[in-house]
Every structure is written in C-alpha cells, then in structure tokens.
Amino acid sequence: MELKTAAALRRLRLISAPEAASFLILLVCVVLKSTTDFNAVPVMGMVHGILFIIYVLFWADAWNRARWPLGRSVLYLVLSVLPTGGFFAERMLARECEAAVAAARAAQEQAESGSGADAQAVTSA
C-alpha cells in the first residue's frame, strides 16, 4: 500500500471523531430545543452537515485508494450515520492506517535496499 493511500485513511480517521461528536451535540441541541428556549439547532445542524459532507468526500477518496471490498466500505458509511459510529470508525481506521503506513515503509525500504544492492554490484564489477 502506498503513502497516498495511508494519507487518505488518515484523513478519514481524523474527520470521523469530530463528525460523530457533532452528531451527538446536534442530538442534544434538538432535545434542548424541545424542552427549553435554547435553540442551537441551526448552527449545530450546519456544523454537522459540513463535517458529514467532508466525511463522505474523504470516505470516497479512501474507498477509491484502498480498494476496500464492498462490505467494509458500506460499514464505514453506515457508521457515519449512527450517533456514536464515528468513534468506532476512528478506532478501526487507526488500526488500518497503522498497517498501511507499516506496509508502505516496508515496501519503500525494500525498494531502497534493492536499488542499493544493484548499484553496489555494478560498482564492484
């Protein structure tokens, strides 16, 4: 897996927790609007809407780069519409991102050591 894929997973991971938190705050604001005179729903609705759109854009980019199977991609999308699902997505993406970075670094080191060995063989011959 290349570093651009790891970066796409990291972006999705970084937006998933704030998106989930904004969803929970929006739910609290809806309850407060119904029970008190406090009405922050328009503001929190816009904040959550923007974060959700960013999440979906980052999800599409990560799906395209990581070549997830359909089940995993749908899971990440479904987690974004559940009130606490973004927190679970963040944890899953953290593990996947660490694995992607480790694989990218291993591939890079293997490529560097392979090209270094070729150059050393040429100079010694």
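Heads up: the structure comes first, above all this text.
What comes next is a walk through the structure. Given the structure is predicted, the values throughout are model-derived calculations rather than measurements.

Conventions adopted
Residues numbered from 1 in each chain as written. Predicted model: local features only at pLDDT ≥ 70, side-chain atom pairs only at ≥ 80, totals over all residues. Heavy atoms only, no water. Helix = DSSP H or I, 4+ residues; strand = E, 2+ residues; numbered from the N terminus. Contact = heavy atoms within 4.5 Å. Salt bridge = Lys/Arg side-chain N within 4 Å of Asp/Glu carboxyl O. Buried < 20%, exposed > 50% of the residue type's maximum accessible area, 1.4 Å probe, protein only. Core = buried A, V, L, I, M, F, W, Y, C linked by side-chain atoms within 4.5 Å.

Bringing the side chain of Ser80 into the picture now. Note on placement: Ser80 falls in the loop between α3 (70-79) and α4 (85-124). Ignoring anything within four residues of it in the chain, the contact list for Ser80 reads Glu19, Phe52 and Tyr55.

Under the defined criterion, the tally for this structure stands at four salt bridges. Glu90 is paired through a salt bridge with Arg13; the nearest N and O atoms lie 2.9 Å apart. Taken as a pair, Glu90 in helix α4 and Arg13 in helix α1 (residues 3-35) lie far apart in primary sequence, 77 residues in all. We note a salt bridge from Arg72 to Glu96, for which the minimum N-O separation is 3.6 Å. Of the two residues, Arg72 is situated in helix α3 and Glu96 in helix α4; the sequence distance between them amounts to 24 residues. Exposure remark for Arg72: the relative accessible area of 37% places this residue in the partly exposed category. Since its relative accessible area comes to 14%, Glu96 is described here as buried. Through salt bridges that share partners, Arg11, Asp61 and Arg65 make up one connected network.

This part is about the nonpolar core. One finds Leu9, Leu12, Tyr55, Trp68 and Tyr76 to be the most contacted residues of the largest nonpolar core, which totals 17 residues. Excluding residues within four positions of it along the chain, Tyr76 makes contact with Tyr55, Trp59, Trp68, Ala89, Met92, Leu93 and Glu96.

Any functional reading would require information that these geometric values do not contain.
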